[in-house]
Amino acid sequence: MGCGEGCGNRCGGCCGGCGRELVLTPGEAAMLRRFAEIPFLPVARRRDGEEPVYLEEWERPAEEYSEILFWLSLKGLISLDYDLPLSNFDYAAYAAYPVQGSMALTAAGQRAVELLELQGMGE
């Protein structure tokens, strides 16, 4: 389906993901499941960089979480909002990262979570 043909999801045919297979790594799928549990999570970055930093989980190295978040954002599944920090969240662990904000699922990310819950992750 080309741009302008429409998919029924009110994207005008330009969403880039309709009718296509979404490929997720195990880390990306796990992070989407985390967003399903907690809809808003903290994120930070260096003032001179674009790499997202997430320090709330310990199952993977911080660098791996940065890569996962980068790709989820690039795929349009999450939004990284550096100008919208979480209310009542202690950013002390992120003191080395002066740009602090939040991240959340997009509508496409919510659909991906629903599909993961219904179908599980394919091989």
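Residues numbered from 1 in each chain as written. Predicted model: local features only at pLDDT ≥ 70, side-chain atom pairs only at ≥ 80, totals over all residues. Heavy atoms only, no water.

Draft legend 1. Broad picture of the packing of aromatic side chains. Overall, the coordinates contain five aromatic pairs when judged by the stated rule. Between Phe89 and Tyr91 the ring centres are 4.8 Å apart and the planes differ by 75°, which places this aromatic pair in the edge-to-face class. Residue class for Tyr91 comes out buried when judged on its relative accessible area of 10%. Between Tyr91 and Tyr94 the ring centres are 5.8 Å apart and the planes differ by 65°, which places this aromatic pair in the edge-to-face class. Assessed through its relative accessible area of 0%, Tyr94 is described here as buried. The ring of Tyr82 carries the charged tip of Arg45 above its face, separated from the ring centre by 4.8 Å. (Phe/Tyr/Trp six-rings, centres within 6.5 Å; stacked < 30°, edge-to-face > 60°. Buried < 20%, exposed > 50% of the residue type's maximum accessible area, 1.4 Å probe, protein only. Lys NZ or Arg CZ within 6 Å of the ring centre and 35° of its normal.)

Draft legend 2. Up close: the packing of helix α1 (residues 26-37) against helix α2 (residues 62-74). At a minimum axis separation of 10 Å, α1 and α2 run at an interaxial angle of 80°. Judged by the inter-axis angle, α1 sits roughly perpendicular to α2. For the pair α1 and α2, the contacting residues are Gly27, Glu28, Met31 and Leu32 in the first and Tyr65, Ile68, Leu69, Trp71 and Leu72 in the second. Grouping the amino acids of the contact of α1 with α2 by side-chain chemistry returns seven nonpolar, one polar and one charged. (Axes fitted to C-alpha atoms, helices over the stretch in contact; angles between N-to-C directions. Helix = DSSP H or I, 4+ residues; strand = E, 2+ residues; numbered from the N terminus. Parallel < 35°, antiparallel > 145°, perpendicular 65-115°, else oblique. Contact = heavy atoms within 4.5 Å. Nonpolar A, V, L, I, M, F, W, Y, C, P; charged D, E, K, R; others polar.)

Draft legend 3. Inspection of the side chain of Arg45 at higher detail. In this structure, Arg45 sits in strand β1 (residues 40-45). Glu50 provides the closest opposite charge to the buried, salt-bridge-free Arg45, at an N-O distance of 4.0 Å. At 3.0 Å, the side chain of Arg45 forms a polar contact with the backbone oxygen of Gly49. Once residues within four sequence positions are removed from consideration, Arg45 is found in contact with Glu50, Glu51, Val53, Tyr82, Tyr97, Pro98 and Val99. (Lys, Arg positive; Asp, Glu negative; His and termini not counted. Salt bridge = Lys/Arg side-chain N within 4 Å of Asp/Glu carboxyl O. Polar contact = N/O pair within 3.5 Å; in protein donor to acceptor, adjacent residues only side chain to side chain.)

Draft legend 4. Focus on the pattern of salt bridges. This model, assessed by the stated rule, comprises four salt bridges. A salt bridge links Arg34 to Glu37, with the nearest nitrogen and oxygen atoms 2.9 Å apart. Separated by three residues within a single helix, Arg34 and Glu37 lie in helix α1, roughly one turn from each other. By relative accessible area, Arg34 is classed as partly exposed at 25%. In this structure, Arg60 engages Glu64 in a salt bridge whose closest nitrogen and oxygen atoms are separated by 3.5 Å.

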